[in-house]
Amino acid sequence: MSVSTQQLAEELQIFGLDCEDVLIEKLAELCILYGQNEEEVVGELIAFCTSTGKASLTSEILKTFEHEILSKRLSKTWPSTTKDTGHAGARDIISIQELIEVEEEEETLLNSYTTPSKGSQKRAITTPETPRAKRSVSAPSPHQLLSPSSFSPSATPSQKYNSRNNRGEVVTTFGSAQGVSWSGRGGTGNISLKVVGYPEPLTGSYKSMFQKLPDIREVLTWKIEELGSKLKEHYKIEAFTPLLVPAQEPVTLLGQIGCDSNGKLNSKSVILEGDREHSSGAQIPVDLTELKEYSLFPGQVVIMEGINTTGRKLVATKLYEGVPLPFYQPTEEDGGFEQTMVLVTCGPYTTSDSITYDPLLDLISIINHDHPDVCILFGPFLDANHEQVENCLLTSPFEDVFKQCLRTIIEGTRSSSGSHLVFVPSLRDVHHEPVYPQPPFSYSDLSREDKKRVQLVSEPCTLSINGVIFGLTSTDLLFHMGAEEICSSSGTSDRFSRILKHILTQRSYYPLYPPQEDMAIDYENFYAYAQLPVTPDVFIVPSELKYFVKDILGCVCVNPGRLTKGQVGGTFGRLYLRRTSEVGEERRSLCVAAQVVRI
């Protein structure tokens, strides 16, 4: 499904309603999120504005329209839509392919209005006066290492990708990025990489699909009781009241947010599922009319205060905010901190209409040019959603194609940059185990030299780079939680910021329950390997949704986007880290500058 902002503007003008471009973009986002076309959503909006007597369109009216009209319509149509979606990998709200088509059209539209001279911040073009560092004669070119014709009979380059004219453009900036050279030391710097686990990181495969329902219940109960005890201690709450006990005075209840049906959560379907110790897992409906501000999603552990006169319904009057974990304090073992450049990118590494991996080869050229100290590469490396993969058109096994990609990256950056490489798997990697938490890739062909600079980690993963903690996950948390979250706010509220805050305060890499249909979660290992051990200094959350860099509760959260968007080029991120004080002093001395750049 594709949505045109131009058509939305034309539809609004038919009714004599002009609005700002920002609001039209927000309206396009609502079309995508709720599966409506331009004509339908404008018709609904005009009817809503007429019935409520609104003469102009504002962000507040748009927010009210979303909650009162679109979310209710979606919850009513949910049972019929889920029956129609029978194929594997179907999404509740909208498919990834539809999102890719929307992004692709936006990129094409932007390109049609852009000239090569307009980019505000372009990557420096290499000329004979500023030559690149010469490769060693013995080092093979990445183009020689990767041979798409060996595994695909139709390996033709993507014309749309190769004709782009905005390569190297900086699309968003965070921190004091002015004056930063965005060049690292490659393999010559003193870099200490360490995977942080609690109690230990996931290092190998495990048996899945053997879960028992009592074991899942045990993990969910532990989550409620663990977070509940921390919140009780933080807010100095004396005791929790059982859910089903009537009381004429205000009571304080602990539980987990749920939905009273199989549809999407809305303000009328919220239930609170109590913990085992105080409420024996009982459930009670929640009335949110007295709460002016809230942000809730299924699986969220909360403490609510309210009136429960009958023991059958809680009228909530107060919602306690979650509390994040403390930050990591560097020790002498982490070594002396140097200025560090980190490059972050997320697959797919080839466009949807080609299997030539041209974007990957361009990325290797950027790595060899900028010499980042650390490169973090998220899957998918061979996307299960790619047309040639879905139609079984590849002539080589998936595992062989993946190994060829990995070998190209490792050998293609060995002599020119020597950067440390961190590979994070994705549930969309067609050759890898599709279970969450996901074990690291296995690659036995690493030489002794490469083993020192290549790190294969799990999904999700907490990584320490010279004492700076990175939270890494390739799962599209923003998309999954954004489709389920409900919100009421008196002021301007950013959905991305709310979701990221939930992740940090729920202390989990995937706090949503039940998970999306295409998520196969092993809850015993989820308990051991998918919890946040500390609040990360930098949290990398790649998503199909728009790129950003935000400071949330002191944590720098980065969505670098994906390297490709359908048939067009996407974006990657780069960070520059430095400290202004010695080990042992307060954490605020960490300075982070970040940019998101077009490939």
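Structure's up top.
First, a word on scope: everything that follows refers to the structure included in this document. Computed from a predicted model, the values in this text were never measured in an experiment.

**Looking at the nonpolar core**
Consideration 1: Ranked by internal contacts, the top residues of the largest apolar core, which has 36 residues, are Tyr-357, Leu-360, Leu-363, Leu-377 and Phe-423.
Consideration 2: Broken down by secondary-structure element, the contributors of at least two residues to this core are helix 10 (358–370), strand 10 (374–378), helix 12 (398–412) and strand 11 (420–424).
Consideration 3: Each residue touching Tyr-357, except ones within four places of it in the same chain, is listed here: Leu-146, Phe-151, Tyr-349, Thr-350, Phe-381, Leu-382, Val-401 and Cys-405.
Consideration 4: The next biggest cluster of nonpolar side chains, apart from the first, holds 30 residues, and it includes Leu-463, Leu-472, Val-549 and Leu-577.

**Quick notes on unusual backbone geometry**
Consideration 1: Note that the residue after Gly-379, namely Pro-380, is joined by a cis bond; omega there is 10°.
Consideration 2: In the segment running from Glu-459 into Pro-460, the intervening peptide bond is cis, with an omega of 0°.
Consideration 3: Mapped onto the secondary structure, Pro-460 falls in the loop between strand 12 (454–456) and strand 13 (461–465).
Consideration 4: With a phi angle near 60°, Tyr-357 is a residue other than glycine that sits in the positive phi range.
Consideration 5: Phi is positive for Asn-466, which is not a glycine, with a value near 55°.
Consideration 6: Looking at the secondary structure, you find Asn-466 in the loop between strand 13 and strand 14 (468–472).

**A few points about the environment of Leu-360**
Consideration 1: Considering the arrangement of structural elements, one finds Leu-360 in helix 10.
Consideration 2: C-alpha of Leu-360 to C-alpha of Gly-347: the two residues are 13 residues apart in sequence and 9.0 Å apart in space.
Consideration 3: If we skip the residues at most four places from it in the chain, Leu-360 touches Leu-146, Tyr-349, Cys-405, Ile-409 and Leu-563.

**Some details on the packing of aromatic side chains**
Consideration 1: Taken as a whole and assessed by the stated rule, the structure comprises 16 aromatic pairs.
Consideration 2: Through pairs of rings, three or more aromatic residues link up here, namely Tyr-349, Phe-381, Phe-402, Phe-423 and Phe-441.
Consideration 3: Directly above the ring of Tyr-161 sits Arg-164, whose terminal nitrogen or CZ lies 3.9 Å from the centroid.
Consideration 4: Between the NZ or CZ atom of Lys-550 and the centre of the ring of Phe-548, over which it lies, the distance is 5.7 Å.

**Description of the packing of helix 1 (residues 5–14) against helix 2 (residues 21–34)**
Consideration 1: Between helix 1 and helix 2, the least distance of the axes is 9 Å, while the angle of their chain directions is 110°. In terms of orientation, helix 1 and helix 2 fall into the roughly perpendicular class. Contacts between helix 1 and helix 2 involve Thr-5, Leu-8, Ala-9 and Leu-12 from the first element and Ile-24, Leu-27, Ala-28 and Cys-31 from the second.
Consideration 2: Here the residues of the contact of helix 1 with helix 2 are counted per class, giving 7 nonpolar, 1 polar and no charged.

Cut-offs used in this document
- Residue numbers run consecutively from 1 along every chain, following the written order of its sequence.
- Per-residue local features of the predicted model are confined to residues with pLDDT of at least 70, and side-chain atom pairs are confined, for both listing and counting, to 80 or more; whole-chain, interface and lining totals are unaffected and use all residues.
- Computation of side-chain values covers all heavy atoms of the structure but excludes hydrogens and water.
- As used in this record, nonpolar core signifies buried Ala, Val, Leu, Ile, Met, Phe, Trp, Tyr and Cys residues forming a set joined through side-chain atoms within 4.5 Å.
- Three labels apply to residues, based on accessible area from a 1.4 Å probe with only protein chains included: buried if under 20% of the type maximum, exposed if over 50%, partly exposed otherwise in between.
- A helix here means a DSSP run of H or I that spans at least four residues, while a strand means a run of E at least two residues long, and both kinds are numbered starting from the N terminus.
- Here, residues are in contact when the closest pair of their heavy atoms is within 4.5 Å.
- Only Phe, Tyr and Trp rings take part, Trp by its six-membered ring, and two of them pair if their centres are within 6.5 Å. Stacked means planes under 30 degrees apart, edge-to-face means over 60, and tilted covers everything else.
- Sitting over a ring, as applied to charges here, requires NZ of Lys or CZ of Arg to be within 6 Å of the ring centre and within 35 degrees of the ring normal.
- Axis angles are defined between N-to-C directions and span 0 to 180 degrees, where every axis is a line fitted to C-alpha atoms and, for a helix, only to the segment in contact.
- For classification purposes, angles smaller than 35 degrees are called roughly parallel, those larger than 145 roughly antiparallel, those between 65 and 115 roughly perpendicular, and all remaining angles oblique.
- Only Asp, Glu, Lys and Arg are considered charged, only Ala, Val, Leu, Ile, Met, Phe, Trp, Tyr, Cys and Pro nonpolar, and every remaining residue, Gly among them, polar.

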